[in-house]
Amino acid sequence: MHPAFSVIFLTTLIGVGQGLFLGLFTAQYYSAFKLISVENAQGFYSGGSLVALLFLFGGLGASFFHLGHPERAWRAATQWRTSWLSREVIVLPAFIFIVFVYGALYYFGWDPNLTSANLPAGQLSFLVGVAGTVVCFALFLCTGMIYGCIKFLQEWHTPLTPLNYTLLGTASGFTLAAGFAASYAPELIRFFGELAVILTLVAAVFRIWALLRNFRIKHRSTLQTAIGVRHNQIVQKAQGAMGGSFNTREYFHGRSAAFLKSMKYLFLVLTFVIPVLLLVLAMSTGINSLLGLAFAVQYLGLIAERWFFFAQARHPQNLYYQTL
Amino acid sequence: MTQLALVIDLNVCVGCHACVTSCKQWNTSGSAGPMSDDRPYGKDPTGTFFNRVQTFEVGSFPKTETVHFPKSCLHCEDPPCVPVCPTGASYKRKEDGIVLVDYDKCIGCKYCSWACPYGAREIDEHQKVMKKCTLCVDRIYDQKLPEAERKPACVLACPTSARLFGDVHDPDSMVSVAIREEGGYPLMPEWGTQPSNHYLPRRKTKMHIHEDELVRVDNPLAKEQFKVPDSDDPFLEDASSW
Ligand code: SF4
Ligand code: SF4
C-alpha cells in the first residue's frame, strides 16, 4: 500500500496521546494505593492531560487531510454497526472528551468523594480515569481493526495488528510521560522510565513477531486466480492506462526493495534500541534531557514503523498491475 | 431476488477498448457529473474510469495466447467494500444487487477501495469521491429509451458481443445459461466475495476431420479415381448383354 502521511501522523499521534493518558492514570492508580506519591498532583495531571490533548488533536487534525470531503466527516459516525472506521470516528472524540474532563477535574481541584465509604480521596477523577482507560483501549482496538479486519490484506489480518498499535502507542506514551515528569514530577521519572523500558521491550517482541510472520506469509491470490487462467507463465502486456491510474498510485509504495528493508532496520533501531538505551542512561546518570530525546527518537521511529507497516502490505489488486 | 451482472466472454474479446470509451462517454455526461481527467492529451494522461481493458500473454512462444481482460466492479453478492464504509455512501441495492456509491454522502476516505480485492474502485481526484461501475443504473431502467437500448453502455458498444448483461439469479436468463453451459467462472473465489460478474474462459475451436470426410467416396469428379480407359479395355457395350 502507499503510505499516506495523514494516516501515519493520525495513528502515531493519537497513540502517544492515549499512551500518555494511560501513564497518568497508572500514576493515579498507584498513588491511590499509596505506592507512589505525586507532590504536585494538580500541575502534573492537568498538565499531562493537556499534553495528551495536544497529541490527540494533532492526530485528529492530520486525519482530516486524508479526507476528500472533511466537511461531511460527521456522516462517518453513522455506520458503527459494520465499520471499524466509523467506530473510531465515534470513540476518538469520546476519548478526547474524557481526557479533557479528567484534566479539568484536576485543574480546578474539583474532586469530591462519591461515597462515604472508607476509600482514598480523588474518587471522581479515578472514576473518570477508569472510563478513560476503557475508552482508550477501545480506541486502540478500533484503530488496529481498521487494518486488521481486511482479510485479503494478509500482512494486516492478524490479532498482532491491534496488539501492536496498543503496545507501540502505550510505550511511546510512557516514554513521553517520563520526559514530562522530569519537569512536573521528578519523583516519577523512575516510575515512568522503568515502565517505558518494559513496554518498549514488550512492544519490540510483538512487533518482531509480526515481522517474522509477514516474512513467511504466503499470499492466497495469484495472477492465476485473479484472471482465472491456469498457466504458470502469464505476462502482462497492457494495464489499461498509459499514464498510471488510482490503482497504480494508491496501492504501491513506489520504493525499491532495498529502501523498504532499510526502513525496517531504521524503525527497529529508532523505536526500540535507542530509546531503551537513552532511558536507561537517563535514569542512571540523572541527565533528564535525555528523556525528551528518547521520546523524540522513538516518535521518529514510529513514523518509520508506520510507513513500513503500510508499505509492506501487498494488496491483491496489485496482481492486475504487474508491469509497474 | 434479482442480481444484475455482466458476463464477459474472454474468448471473443478482441481488446478494442470500445467498452472503455463508451462507458466513459456515457458516465462522464450523466447527472452525476464528469469523470475527471488530468492531462488527457499530455505526457502522463490519467483519469477516472469505471472499466479498463488489460492484456495478458499466456505461455511462451510459440505456444502463446493473448488474453484481453476487461475489468470493472463485479457487483459482488457479498461485497467487502460495503460494510467498511463509515458513512453508508457505499451500498448494495436490495432490488437488483447493484453496488453503488452515493456521491453526496461519500467523504473520500478511500477505505472501501482498500477493501475491494479487485481494485475496482477509483477516487475521482477532482470531485474527491469514490467512483465505480454503476452498471449504467441511469440507463437500464430509462423508459424513454427503446427497450433494446436499456443495457449498460459497454454492452451495447461491444462489437463482438463479448459482454452479456442480465439477471444471474434467474436460471433461464441468457447470462445464467452462459455461465452454466460455457464454463463461466468468478475472479479470486478465495475471498468469498461471490462476484456476480462472471468470465467465460478462452475456448479452443477444434475440428476433427477424418480422411473419408476429405475424400467423398462417390464423388463423380474425384480425379484420383478417374481412370482414362485405354483401347484394350472392354467398352460398356462389350459388357452389356443386350
Ligand atoms: S468488485 Fe470490488 S467494488 Fe465491486 S462489489 Fe466487489 S468488492 Fe465491491
Ligand atoms: S471513500 Fe466514500 S464510499 Fe468509500 S468508504 Fe469512504 S465514504 Fe465510503
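Rules behind the numbers
- Residues numbered from 1 in each chain as written.
- Chains lettered and ligands numbered in written order.
- Predicted model: local features only at pLDDT ≥ 70, side-chain atom pairs only at ≥ 80, totals over all residues.
- Heavy atoms only, no water.
- Helix = DSSP H or I, 4+ residues; strand = E, 2+ residues; numbered from the N terminus.
- Rg over C-alpha atoms; globule rule 2.2 N^0.38 Å.
- Buried < 20%, exposed > 50% of the residue type's maximum accessible area, 1.4 Å probe, protein only.
- Areas by Shrake-Rupley, 256 points an atom, 1.4 Å probe, with all protein chains shown as cover.
- Salt bridge = Lys/Arg side-chain N within 4 Å of Asp/Glu carboxyl O.
- 1 Å grid on protein atoms, 1.4 Å probe; cavity = no way out; pocket = protein on both sides within 12 Å on 5 of 7 lines; lining within 4 Å.
- Points joined across faces, edges and corners; volume = space filled by probe spheres on them.
- Disulfide = S-S within 2.5 Å.
- Near = heavy atom within 4 Å.
- Nonpolar A, V, L, I, M, F, W, Y, C, P; charged D, E, K, R; others polar.
- Axes fitted to C-alpha atoms, helices over the stretch in contact; angles between N-to-C directions.
- Parallel < 35°, antiparallel > 145°, perpendicular 65-115°, else oblique.
- Left-handed = near helix turned anticlockwise from the far one by under 90°.
- Contact = heavy atoms within 4.5 Å.
- Buried area = accessible area lost by both parts, 1.4 Å probe.
- Polar contact = N/O pair within 3.5 Å; in protein donor to acceptor, adjacent residues only side chain to side chain.
- Pairing = 2+ DSSP bridges.

J.: Before we go on, may I ask you to explain the overall build of chain A in this structure?
T.: Across its full length, chain A carries 10 helices and one strand. Counting from the amino terminus, helix and strand elements in chain A follow one another as α-α-α-α-α-α-α-β-α-α-α. Rg of the C-alpha trace for chain A: 22 Å, near the compact-globule value of 20 Å for 324 residues, within the 12% margin. Based on the C-alpha atoms only, the size of chain A along its principal axes is roughly 75 × 45 × 30 Å. The burial tally for chain A puts 56% of its 324 residues in the buried class. With the model as given, the accessible surface of chain A reaches about 14,300 Å², and the carbon-plus-sulfur share is 69%.

J.: What is the right way to read the pattern of salt bridges from this model?
T.: Two side chains carrying opposite charge are able to pair once their charged atoms lie near each other. Evaluated as defined, the whole model comprises 15 salt bridges over all chains. The salt bridge involving Asp37(B) is made with Lys24(B); its shortest N-O contact spans 2.7 Å. In this pair, Asp37(B) sits in strand β2 (residues 37-38) while Lys24(B) sits in helix α1 (residues 18-28), placing the two residues 13 residues apart along the sequence. Its relative accessible area of 11% is what places Lys24(B) among the buried residues. We note a salt bridge from Asp96(B) to Arg93(B), for which the minimum N-O separation is 2.8 Å. What you see here is one network of salt bridges that share partners, running through Arg207(A), Glu305(A) and Arg306(A).

J.: Sorry if this is basic, but what is going on with the layout of surface pockets here?
T.: Left-over empty space is what a probe sized like a water molecule reveals as it rolls over the atoms. All names here are of chain A. Here the largest pocket is characterised by a volume of approximately 830 Å³. The wall of the largest pocket is formed by 35 residues, among which Glu155, His219, Leu260, Gln312 and Arg314 lie closest to the centre. Within the residue set of the lining of the largest pocket, elements represented by two or more residues are α6 (189-215), α9 (257-285) and α10 (289-312). In terms of residue count, the dominant contributor to the lining of the largest pocket is α9 (six residues). As a volume, the second largest pocket reaches approximately 440 Å³.

J.: What exactly am I supposed to notice about the state of the cysteines here?
T.: Here, disulfide denotes a covalent bond that connects the sulfur atoms of two cysteines. All names here are of chain B. Under the defined criterion, the tally for this structure stands at zero disulfides over all chains. With no disulfide of its own, Cys136 lies 6.2 Å from the sulfur of Cys154, the closest cysteine sulfur. By relative accessible area, which is 6% here, Cys136 ends up buried.

J.: Looking at this model, I keep getting lost on the site of ligand 2. Mind explaining?
T.: Taken together, 13 residues lie near ligand 2, and Cys85(B), Cys106(B), Cys109(B), Lys110(B) and Cys112(B) sit nearest. The residue inventory of the shell around ligand 2, partitioned by class, reads nine nonpolar, three polar and one charged.

J.: Any chance you could explain the packing of helix α3 (residues 84-107) of chain A against helix α4 (residues 123-148) of chain A here in plain terms?
T.: Each pair of packed helices gets described by two things: the angle between the helix axes and the distance between those axes. All names here are of chain A. Between α3 and α4, the shortest axis-to-axis distance is 8 Å and the interhelical angle comes to 155°. Our classification of the angle between α3 and α4 gives roughly antiparallel. Like other packed secondary-structure pairs, α3 and α4 cross with a definite hand, here left-handed.

J.: What is the right way to read the packing of α6(A) against α10(A) from this model?
T.: All names here are of chain A. It is the contact of α6 with α10, at a shortest axis distance of 13 Å, that shows an interaxial angle of 20°. In this view, α6 runs roughly parallel relative to α10, as classed from their interaxial angle. Considering the relative orientation of α6 and α10, their crossing is left-handed. From α6, Ile189, Thr200, Arg207, Leu211 and Asn214 reach across to α10, where they touch Leu291, Gln298, Glu305, Phe308, Phe309 and Gln312.

J.: How do you make sense of unusual backbone geometry when you look at a structure like this?
T.: For residues besides glycine, phi is generally negative; the peptide bonds are generally trans as well. Residues and elements named next belong to chain B. In this structure, the amide linkage connecting Phe61 to the following residue, Pro62, adopts the cis form with an omega of 5°. Among the structural elements, Pro62 can be located in the loop between β4 (51-58) and β5 (65-72). Phi is positive for Leu135, close to 55°, though the residue is something other than glycine. Relative to the assigned elements, Leu135 resides in the loop between β9 (130-131) and α3 (153-157). Within the chain, Ser161 stands out as a residue other than glycine whose phi angle is a positive 55°. Along the chain, Ser161 turns up in the loop between α3 and β10 (163-167).

J.: Could you clarify how one ought to interpret the interface of chain B and chain A in this entry?
T.: Bring the parts together and some accessible area is lost; that lost area is often taken as the interface size. At the junction of the two partners, chain B supplies 51 residues and chain A supplies 61 residues. On the chain B side of the contact with chain A, Ile107(B), Trp114(B) and Trp191(B) bury the most area, a combined 19% of that side's loss. Where chain B packs against chain A, one counts two salt bridges. Between Glu125(B) and Arg249(A) there is a salt bridge, and its shortest N-O distance comes to 3.3 Å. At the surface where chain B touches chain A, the tally comes to 41 residue pairs in polar contact (both at pLDDT 80 or more). Those elements giving two or more residues to the side of chain B that touches chain A turn out to be β4, β5, α2 (111-114) and β8 (122-123) of chain B. Grouping the constituent residues of the side of chain B that touches chain A by class yields 28 nonpolar, 11 polar and 12 charged. Relative to β4(B), strand β1 (residues 234-238) of chain A is paired through four bridges, and the arrangement is antiparallel.

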